[in-house]
Amino acid sequence: DVNEKERTSAPKPSTHFVDREPPVLKKTNIDPTRRYLYLQVLGGKAFLEHLQEPEPLPGQICSTFTLCLHFRNQRFRSKPVPCACEPDFHDGFLLEVHKDSLGDGSKMVDATTMLSICDPVHIVLIKTDTFGETTLVASYFLEWRSVLAAENGITNIAVELLGVGTESKVSVGVLNIRLEMYPQLNKTLSPEVTNTQFALERQKTAEKERLFLVYAKQWWREYLQIRPTHNVRLVKIFAQDENGVNRPVCSYIRPLRAGRLLDTPRQAARFVSVLGYERAPVIGGGGGKQEQWCTLLAFLSRNKGDCEDHANLLCSLLLGFGLEAFVCAGTKAKGVPHTWVMTCGTDGTITFWESLTGHRYIHRPINPDDPPLVEQPKPLYPYRTIGCIFNHQKFFGNCQPSDAVEVCVFDLHDESKWKPMSGEAIKSVCSPGTTSSVPPFPPLCASTLDAAVASNEIEVQLRVLVSEHRKDLGLSTVWDDHLSYLLSPALAAYELERTTSISAGNEEFQDAVRRAVPDGHTFKGFPIHFVYRNARRAFATCLRSPFCEEVVCCRGDQVRLAVRVRVFTYPESACAVWIMFACKYRSVL
């Protein structure tokens, strides 16, 4: 048995209260046919940004650090610890390195075999502030195989974490990490052997990346020779990740199966759309868009990201559902760069998917040579131009005379319309395990939120906020519990419509409301939707709407108020929060 802290394969909801109890070590059984890596995080130091951090009082809400780990399809999350110059991390994670196939139970995998497992341990550090807002602090790939050459099979490493984005060269702090193999290795390797292996891998990776860069430059020269104006089209071959590493865009996508967590492509689109949207931070002026595409673990751990992160994840999920999906890079109105997703049906139907909203649009190209007999209807989608499309295996540059989306023809086999990249070239640097710079994809985790509890908490908080707000206006508040309950079907119908585009059950809702509102009374309702669970922030946003204000601040005779909250949970910590405020009052003419 190994003493091990809580092993989690799914993120636990973090409370932001300081835990003053000593950590309780749990016992866990080790399967003797498997090799494990026991990774302990034993505190941190030199987190200088938190040098002046006051010592939090017991029970006081404070900012916290959380570590999220991914290794070979396993995910772990540390307990949140208060932000400090020397954060008090004390967590152990049991990572399964290798499991022999059945029938090989007696043959335990040795150090030499494990040396060929080049998957790193991806460690992401997240800061959560007192309002529950998350920030990505650092993203680090840990080379664990040094433990294979360690005496006693134990090694201690001081890992220096660097910042992200514009601060990717700046030290954030140091983690003390201890690695240990279970069961112990009968025979360890010599450090020369492991170092030679690492040097060889680096050399192979560098050579593959160099060859791809040579190929990409040649492809770009040929693309520009087709038409000089191509140099202003949005053709992205490389993109920077959170650590400032330039990677081919195709490496950000991989068919991703959600197991039993998502049932349909449209549900996948809904899930991606309720992950938070936040543009990559820009320091200073210039108005340029700071580019930072995120690795999937960083995006999921932070629970928010830019439009490229959303599009890459949606494309990966749609590929997992067996569709032919691509990410499109182009512009929206006013020339703003944007990415979205497109699927090609077997019948030639082209569908655009907006990853930030979950909306879908059918694309029907306009033939620019047609005589304008009738006024062409304006396309419903917000996209203006398209420069390139790509997925994990393919990359096409748009070489049609115009890059306007509305006249674009998506015949990808026609090289006069779409210039392809070599599939072999893409495969050499983008398929899993080919180069060490392509991080493995983590699996999605089930939600740990209890939807009923979360719905109730927000509803209780909103009742208090509404009552206080009305009191400030000199109004009393009487709640109608029955009317509040009757709003539930409407909220369920709104979410169903967002996911499936099908609206159902409105007749019953209307009928129930008519019965609950007596003759001579007026009913008003205001539904609204959020992707966060902060009641105070949601209420402040609601009050900015004159319709909501009209309901919440209703004056009159026999005023009764109602509010209903319904939280719909999705994988990870994503959720859709529907709120409906309503009132009924006697109409005085």
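Residues numbered from 1 in each chain as written. Predicted model: local features only at pLDDT ≥ 70, side-chain atom pairs only at ≥ 80, totals over all residues. Heavy atoms only, no water.

Topic: the overall build of the protein chain
So, point 1. In terms of helices and strands, the protein chain carries 12 helices and 25 strands.
So, point 2. Look at the contacts in the protein chain between residues 6 or more apart in sequence, and 69% of them connect residues 24 or more apart.
So, point 3. Only carbon and sulfur atoms are counted for the fraction: they give 53% of the accessible area of the protein chain, which is about 29,200 Å². (Helix = DSSP H or I, 4+ residues; strand = E, 2+ residues; numbered from the N terminus. Contact = heavy atoms within 4.5 Å. Areas by Shrake-Rupley, 256 points an atom, 1.4 Å probe, with all protein chains shown as cover.)

Here we look at the confidence of the model for the protein chain
So, point 1. Mean pLDDT over the protein chain: 89, with 89% of residues reaching 70 or higher.
So, point 2. For the protein chain, strand E1 (residues 2-4) is the element with the lowest average pLDDT, namely 44, and strand E21 (residues 395-398) is the one with the highest, namely 98.
So, point 3. Counting interchain partners and residues more than four positions distant, the pLDDT-below-50 stretch residues 1-23 has 68 contacts.
So, point 4. Here residues 102-106 is modelled with pLDDT under 50, and outside its nearest four sequence neighbours on either side it reaches one contact, counting other chains as well. (pLDDT = per-residue confidence, 0-100.)

Things to note about helix H6 (residues 423-430)
A turn of α-helix holds 3.6 residues, and therefore any two residues three or four places apart point the same way.
So, point 1. The complete set of buried residues in H6 reads Ala-425, Ile-426, Val-429 and Cys-430. Taken end-on, H6 shows its buried residues confined to a sector of 105 degrees, consistent with a single buried face. Residues of H6 that are exposed and angled more than 90 degrees away from the buried face: Glu-424 and Lys-427.
So, point 2. The elements touched by buried residues of H6 are helix H2 (191-226), strand E13 (246-248) and E21.
So, point 3. For H6, the side-chain oxygen to backbone nitrogen distance between the N-cap and Glu-424 is 3.2 Å, and the N-cap itself is Ser-422. (Buried < 20%, exposed > 50% of the residue type's maximum accessible area, 1.4 Å probe, protein only. Arc of directions from axis to C-beta. Polar contact = N/O pair within 3.5 Å; in protein donor to acceptor, adjacent residues only side chain to side chain.)

Quick word on the environment of Glu-143
So, point 1. By the secondary structure assignment, Glu-143 is in the loop between strand E9 (134-142) and strand E10 (154-162).
So, point 2. Separated by 25 residues in sequence, Glu-143 and Cys-118 place their C-alpha atoms 8.2 Å apart.

Notes on unusual backbone geometry
Leaving glycine out, the prevailing phi sign among residues is negative, and the prevailing peptide bond configuration is trans.
So, point 1. Cis peptide bonds are those with omega within 30 degrees of zero, and the linkage from Tyr-182 to Pro-183 qualifies with -20 degrees.
So, point 2. By secondary structure assignment, the location of Pro-183 is in the loop between strand E11 (171-182) and H2.
So, point 3. One non-glycine residue with positive phi stands out, namely Ala-46, at about 60 degrees.
So, point 4. With respect to the helices and strands, Ala-46 occurs in the loop between strand E3 (34-45) and strand E4 (64-71).

A word on the nonpolar core
So, point 1. In this structure, Phe-271, Leu-313, Leu-317, Phe-390 and Phe-395 are the most contacted members of the largest nonpolar core, which totals 72 residues.
So, point 2. Looking at this core, the element that brings in the most residues is helix H5 (residues 307-320), giving seven residues.
So, point 3. Those residues in contact with Phe-390, other than ones at most four positions away along the chain, are Val-249, Cys-250, Ile-253, Trp-293, Asn-312, Phe-326, Val-327 and Phe-395.
So, point 4. Phe-93, Trp-144, Ile-177 and Leu-189 belong to the second-largest nonpolar core, a separate cluster that totals 39 residues. (Core = buried A, V, L, I, M, F, W, Y, C linked by side-chain atoms within 4.5 Å.)

Section: the pattern of salt bridges
So, point 1. Summed over all chains, the structure comprises 20 salt bridges.
So, point 2. Arg-515 is the salt-bridge partner of Asp-511, the closest N and O atoms lying 3.2 Å from each other. In this pair, Asp-511 and Arg-515 both sit in helix H10 (residues 506-516), four residues apart, roughly one turn of the helix.
So, point 3. One continuous salt-bridge network, built from bridges that share partners, spans Glu-133, Glu-278, Arg-302, Lys-304 and Arg-537. (Salt bridge = Lys/Arg side-chain N within 4 Å of Asp/Glu carboxyl O.)

Re the sheet that holds strand E22 (residues 418-420)
So, point 1. The strand order E19-E18-E17-E16-E20-E21-E22 describes an open sheet built from seven strands, whose pairing is antiparallel. Only two strands of the sheet have a single neighbouring strand rather than two, namely strand E19 (360-363) and E22. Ignoring which end each strand starts from, the neighbouring axes of this sheet average 30 degrees apart.
So, point 2. Across the sheet, H2 is in contact with strand E20 (385-390), E21 and E22; its angle to E22 comes to roughly 160 degrees.
So, point 3. Contacts from H5 reach strand E16 (324-331), strand E17 (337-344), strand E18 (350-353) and E20 within the one sheet, and its direction differs from that of E17 by about 10 degrees. (Pairing = 2+ DSSP bridges. Axes fitted to C-alpha atoms, helices over the stretch in contact; angles between N-to-C directions.)

Focus: empty space enclosed by the protein
Empty space left among the atoms is revealed by rolling a probe the size of a water molecule over them.
So, point 1. Enumeration over the complete set of coordinates arrives at three cavities of 30 Å³ or more.
So, point 2. Space inside the largest cavity adds up to approximately 130 Å³.
So, point 3. Lining the largest cavity are 14 residues, with Tyr-252, Cys-294, Thr-295, Leu-296 and Phe-441 positioned closest to its centre.
So, point 4. Elements with a contribution of two residues or more to the lining of the largest cavity: helix H4 (296-302) and H5.
So, point 5. Broken down by element, the residue count for the lining of the largest cavity peaks at three residues, all from H5. (1 Å grid on protein atoms, 1.4 Å probe; cavity = no way out; pocket = protein on both sides within 12 Å on 5 of 7 lines; lining within 4 Å. Points joined across faces, edges and corners; volume = space filled by probe spheres on them.)

Looking at the sheet that holds strand E25 (residues 575-586)
So, point 1. Spatially, the three strands line up as an open sheet ordered E23-E25-E24, and their pairing is antiparallel. Since the sheet does not close on itself, it has two edges, and those belong to strand E23 (521-530) and strand E24 (557-569), each with one partner. Each strand axis lies, on average, 15 degrees off the axis of its neighbour in the sheet, ignoring direction.
So, point 2. Pairing of E24 with E25, which is carried by 11 bridges, proceeds in the antiparallel orientation. Note on E25: the bridge partner recorded for Leu-561 is Cys-583.
So, point 3. Sheet strands in contact with helix H3 (residues 265-274) are E23 and E25, and its direction is about 80 degrees off that of E25.
So, point 4. Along the sheet, helix H9 (residues 488-500) contacts E23, E24 and E25; its crossing angle with E25, the most-contacted strand, is approximately 140 degrees.

With respect to the packing of H3 against H9
So, point 1. Two numbers describe how H3 lies on H9: the axes approach to 8 Å, and their chain directions differ by 110 degrees. The orientation of H3 relative to H9 falls into the category roughly perpendicular. Of the residues in H9, those in contact with Arg-266, Gln-267 and Arg-270 of H3 are Glu-495, Arg-498, Thr-499 and Thr-500.
So, point 2. Residue classes in the contact of H3 with H9 are distributed as no nonpolar, three polar and four charged. (Parallel < 35°, antiparallel > 145°, perpendicular 65-115°, else oblique. Nonpolar A, V, L, I, M, F, W, Y, C, P; charged D, E, K, R; others polar.)

A few points about the pairing of strand E8 (residues 121-128)
So, point 1. Counting buried residues in E8 gives seven out of eight residues, a clear majority hidden from the surface.
So, point 2. When E4 meets E8, the two strands line up antiparallel, connected through seven bridges. Bridge pairing links Thr-66 to Ile-126 in E8.
So, point 3. Bridge count between E8 and E9: eight bridges; the pairing is antiparallel. Looking across to E9, one finds that Lys-127 is bridged to Thr-135.
So, point 4. With antiparallel pairing between neighbouring strands as the criterion, E8 and E9 make up a hairpin whose turn holds five residues, including Gly-132 at a positive phi of roughly 85 degrees.

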